[in-house]
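The residues making up each chain are set out below.
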Amino acid sequence: MTVEHVEARAGAYADSVTLMQVSREVASTPGVAAALVAMGTELNVDLLAGMGFTRPPSAGPNDLLIAIRAHDDAALSGALAVVAEALAARPAAGGSFAEQPPRTVSSAARVTGPALALISVPGRHAFTEAMDALDAGCDVMIFSDNVPVEQEVRLKDVAAERGLLVLGPDCGTAVIGGVGLGFAHTVAPGPVGLVAASGTGAQQILCLLDAAGVGVTAALGVGGRDLSSAVAGRSTRAALTALDDDPATELIILVSKPPAADVAADIRAFAQTLATPVQYALIGTGQPDLTAATEQALGQLGVPVPSWPHWPGRPASPRTGSLRGLFAGGTLCDEAMVIAAERLGPIGSNIPLRPEWRVDPMTSGTGHVMIDFGDDELTAGRPHPMIDQSLRLERLAAEARDPATSVIVLDVVLGHSAHPDPAAELAPAIEAVDVAVVVSLIGAKADPQDLNRQAAALRAAGAHVYTSNAQAARFAAELIEAAP
Amino acid sequence: MTDLLKRDLQLIAAGVDLFAEAAAGQAARVTRIDWSPPLAGTEADLATVLADPRRADANAEAVRRVQAVRALLVDVLPAGEVLGLGPRTMLHAGPPIDWVRASGPLRGALMGAAAFEGLVADPQDAVGPLERGEITLDPCHHHSAVGPMAGVITRSMWVFVLEDPATGRRAYCSLNEGLGKVLRYGAYSDDVIERLRWMSSVLGPILQAGVRRNGPVDVTAILAQMVQMGDEAHNRNRAGTLMLLRELLPAMIESGFPASDVAEAARFVGGNDHFFLNLAMPACKLALDAARDIPGSTMVVAMARNGTDFGIQVSGTGDAWFTGAAQVPDGLYLGDFGPDDANPDIGDSAITETIGLGGFAMAAAPAIVRFVGGTVADALANTRRMYEITLAEHATFAVPVLDFRGTPLGIDVTKVLRTGILPQINTGMAGKVAGTGQVGAGLVTPPLDIFPKALRALAAAAAA
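Residues numbered from 1 in each chain as written. Chains lettered and ligands numbered in written order. Predicted model: local features only at pLDDT ≥ 70, side-chain atom pairs only at ≥ 80, totals over all residues. Heavy atoms only, no water.

What follows deals with the overall build of chain B. Within chain B, the secondary structure is distributed over 15 helices and 18 strands. Since a compact globule built from 464 residues should have a radius of gyration of about 23 Å, the 23 Å found for chain B is in line with a globular shape. With the C-alpha coordinates aligned to their principal axes, the bounding extent of chain B is approximately 75 × 50 × 45 Å. Within the span of chain B, comprising 464 residues, buried residues form 64% of the whole. Counting contacts in chain B only where the partners sit at least 6 residues apart, residues at least 24 apart contribute 71% of the total. Of the roughly 15400 Å² of accessible surface on chain B, a fraction of 52% belongs to carbon and sulfur atoms. For chain B, the centre of its 38 positive side-chain charges and the centre of its 50 negative side-chain charges are spaced 3 Å apart. (Helix = DSSP H or I, 4+ residues; strand = E, 2+ residues; numbered from the N terminus. Rg over C-alpha atoms; globule rule 2.2 N^0.38 Å. Buried < 20%, exposed > 50% of the residue type's maximum accessible area, 1.4 Å probe, protein only. Contact = heavy atoms within 4.5 Å. Areas by Shrake-Rupley, 256 points an atom, 1.4 Å probe, with all protein chains shown as cover. Lys, Arg positive; Asp, Glu negative; His and termini not counted. Charge placed at Lys NZ, Arg CZ, Asp CG, Glu CD.)

What follows concerns the sheet that holds strand β12 (residues 322-325) of chain B. Residue and element names in this part refer to chain B. Pairing is antiparallel in the open sheet, where 4 strands are placed in the order β12-β11-β10-β14. Because the sheet does not close on itself, it has two edges, and the strands there are β12 and β14 (346-347). Here strand β10 (residues 300-306) pairs with β14 via 2 bridges, running antiparallel. Along β14, the bridge assignment pairs asparagine 306 with isoleucine 346. (Pairing = 2+ DSSP bridges.)

Here the focus is the environment of glutamine 208 of chain B. Residue and element names in this part refer to chain B. When you line up the elements, glutamine 208 lands in helix α7 (residues 190-214). Overall, the relative accessible area of 14% leaves glutamine 208 in the buried class. It is 23 Å that separates the C-alpha atoms of glutamine 208 and alanine 233, two residues lying 25 residues apart in sequence. In this structure, glutamine 208 is in contact with Asp75, Val76, Leu77 and Trp158, ignoring residues within four places of it in sequence. There is a polar contact of 2.9 Å between the side chain of glutamine 208 and the backbone oxygen of valine 76. (Polar contact = N/O pair within 3.5 Å; in protein donor to acceptor, adjacent residues only side chain to side chain.)

With that settled, the discussion passes to the domain arrangement of chain B. Examined at the domain level, chain B breaks down into domain 1 (2-33), domain 2 (43-66 + 292-463) and domain 3 (69-282). Measuring from the centre of the C-alpha atoms in domain 1 of chain B to the corresponding centre in domain 3 of chain B gives 53 Å. (Domains from an automatic or database assignment.)

With that settled, the discussion passes to helix α8 (residues 219-227) of chain B. All names here are of chain B. For α8, the tally of buried residues reaches 7 of 9 residues, placing the bulk of the element in the interior. Turning to α8, its buried residues are Val219, Thr220, Ile222, Leu223, Ala224, Met226 and Val227. One side-chain oxygen of the residue at the start of α8 lies 3.2 Å from the amide nitrogen of threonine 220, identifying that residue as aspartate 218.

The predicted coordinates should not be examined in detail at positions where pLDDT is low. Within chain B, residue pLDDT values average 95, and 99% of them lie at 70 or more. The complex prediction reports pTM at 0.88, with the ipTM value standing at 0.90. (pLDDT = per-residue confidence, 0-100.)

Side chains bearing opposite charge may pair, as long as their charged atoms lie close to each other. Taken as a whole and judged by the stated rule, the model has 44 salt bridges over all chains. One salt bridge connects aspartate 135 of chain A with arginine 162 of chain A, and the closest N-O pair in it is separated by 2.9 Å. Here the residue aspartate 135 of chain A occupies a position in helix α5 (residues 123-135), and arginine 162 of chain A occupies one in helix α6 (residues 149-162), the gap between them amounting to 27 residues. Take arginine 162 of chain A: its relative accessible area is 35%, and that puts it in the partly exposed class. Residue glutamate 163 of chain B is joined to arginine 170 of chain B by a salt bridge in which the shortest nitrogen-to-oxygen separation is 2.7 Å. When salt bridges with common partners are traced through the structure, they connect Glu152, Lys156, Arg225 and Asp226 of chain A into a single cluster. (Salt bridge = Lys/Arg side-chain N within 4 Å of Asp/Glu carboxyl O.)

Let us look at the pairing of strand β4 (residues 89-92) of chain B. All names here are of chain B. The side-chain alternation of β4 yields two buried faces, one formed by Thr89 and Leu91 and the other by Met90 and His92. Relative to strand β5 (residues 136-139), β4 runs parallel, the two sharing 4 bridges. Residue pairing for β5: histidine 92 is matched across the bridge by proline 139.

Listed as interface residues are 55 residues of chain B and, on the opposing side, 62 residues of chain A. Summed over both sides, the interface of chain B with chain A buries roughly 5200 Å², with 62% coming from carbon and sulfur. The partner of lysine 6 of chain B in a salt bridge is aspartate 245 of chain A, and the shortest N-O contact between them spans 2.6 Å. Summed over the shared surface of chain B and chain A, the number is 28 residue pairs in polar contact (both at pLDDT 80 or more). Of all the secondary structure elements, the ones that give two or more residues to the side of chain B that touches chain A are β1 (10-15), α1 (17-25), β2 (29-32), α2 (43-51), α3 (55-68), α13 (376-387), β15 (390-399) and α14 (413-419) of chain B. Sort the elements by how many residues they give to the side of chain B that touches chain A and β1 of chain B lands first, with 6 residues. (Buried area = accessible area lost by both parts, 1.4 Å probe.)

Right, let's get into the sheet that holds strand β1 (residues 3-9) of chain A. Pairing between sheet strands relies on hydrogen bonds along the backbone, with the strands arranged either parallel or antiparallel. Residues and elements named next belong to chain A. An order of β1-β3-β2 is seen for the 3 strands of this open sheet, with the pairing classed as antiparallel. The sheet terminates laterally at β1 and β2 (32-39), the two strands that pair on one side only. The average undirected angle you get between the axes of adjacent strands in this sheet is 5°. Direction of pairing for β2 relative to strand β3 (residues 64-70): antiparallel, over a ladder of 7 bridges. Within β3, the position partnered with alanine 34 by the bridge is arginine 69. (Axes fitted to C-alpha atoms, helices over the stretch in contact; angles between N-to-C directions.)

Right under this line is the structure:
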């Protein structure tokens, strides 16, 4: 016998990462068979149905879903108590006279003065919070995705009028004043300033520079769409200007997802007017990959290019079949697709290189396929796959069961805010499959997860581990080509 | 160009706590926002209004104009003279309403006023003419006036005349009758009418003579001082009342009126701790009216209740009222009155909260927190919470216990909806049966549903 509890609690809110932790805690309560505690976004309601729960009659994105299946009533009430405990507000320190935390950025800024507002609320609310921050004289970093492009343009225009900077939306990474923001790495101060219309692209370059012993002045993520025709490099110009003005920045690296050609040309012309040289790492066919661009930057700085660390895996002759890529990083996925497509032909994807190569990300496709699990439509109401690996772990097992799969390539991104020990979950999953697994491991030496320990655990599970995503993609393609 | 790379990094984090934690773990200075989603269904309108290019400057201008006003008491006159009221027109508190929908205390006050004006011999006889619409009802707010509770003003009642010397604009309010069985709480017994007659025949003329002989009284300056003396200018006006009396009394004595009348007037004013409320209210009204009609401004310029509806007006939406059902206050009751005896919220006195006094300045008035059913800690928390929904801090109204932080100024419709925090109002409670009078005092908020209506209108104006 099982008992089921499904509730849509109006007006309760907690962020998706907190709720993921609550879900896990409840699911591991004795006597609980399944549990989901999440905001009632469409994706999460579908997830609930997929777990076999009755759909709540009405649930909106501002309602908190609590769904528990337990073996008996006692276990259910125990689980509900765990939910209540986990969601209970933490009492403010200092007793009843203590100040309560501010509720808006502008009210906080009244006390702190000009600040950098770090906005990671759900995308449909991000514009309002960001505009409030600009009104309060704050620069803004918007981690949130799912922000309409016209709102992005409006924010960036207002910022330009007021001499402020908007990083994002969908800005995963920044390093400012030595502090890693969002998904970022522990890197040393140094001569390079990074402008990035790509979160994981910036992370790859930061980590390769780190491996070469080169640090940064700042890394400014401008949002993956900044070099699109619609946004036209608005924040890229502002970020380039700020770094050009910074005496410690000797070289600027501009990294972007595939940019609009005319925008890229305009930015190159703009960069000509700067006193600081700019090295480009613009993903796309015929462009240097991130590793090559980093090597060129090292050349400009007169720093020798090291041999990029890699840890060879189990020698294996993979079976005949397709390449499947499971990425948390969009730019890493882009780069791997560009490299693999040159050798293997069309690569299906939810972020395809060509429109005709589009596939549904949630069903296993045929042929070579690479999925970006960090794409907007897969993160609504869910933590980013760098934090919550569960979707990718399920998919890893599913792809390996597909007899058409020959090689799986995936990225593991370390650093602040990422999963505290991704290899602990991934290594057993890799060990359990009998296809070749190639890992692109993006981490800096001083990252909290310990780069070498992560690499060793993944390698011990049989994976081929590379710190250069380009090398990982190339190796994966070669394995496919070498298969009988 | 941003100076982000030049200054020490200070973060303000809204959203996923993990990011704030990661930054704090790297020894960054992080202020965390206790963020929650805005009221469901308001996201699109919020985005439209926040994107309105006029908004930031319009709100800054609204705040500036409010604070630029100096409210001087320049005269005391019969309402008929200064407001041009005819014999069959009665002003009332709150948004527009007719007799059919009027609540008990408003009906009681209208009936009493009809008897006071001599339109009927007995207040009960006024029901017929009022039902038939033979007496015109109009909001005080539409005549640059405000009235506490029922807020009924008729031509023979005397009003304070407040003027902003820089612009010559004026605002008006009736004279305060004291507590208990009084017209503004809906009572209309003989002693109520008798008191009103004395106020018109003796008190009004003496105050007029006092003001004219003394010269203008700076009401804004008294407000600033009284907030530092334990008054919040809505439910506590004791210091303000005594300061007014201190200023006017010598001139009243010298006015030539019989000593016994002057003594009676002084006794009446000094014995009524709420006397200054009727000067605080028009001072707030005068200041807030300066901020009306600024296109793009999301600032609330009036909150008012007629005992049935709670209404707000917003700078950027002109004269439109956004109304919803007035709530029954939560508080303490006089004698053996209880919640069943209380009428829903009534009065223009929420104009004090609209400018950031009253419930917004509760931290300044710890002496009355128990009267409205709270603790001193609640009072501090109330005022601090109101900073979350306001645009600025008042430059001259300062709260000593908050280290002389300015009172929260300028309710922003968008912030109310983003935070779900409603304006906190201190108020008296009228009996719901006409003729009862005051039954208690307590705390109340506007109904939440009026703010999305105001936002929708702001969004429509922004898009146009």
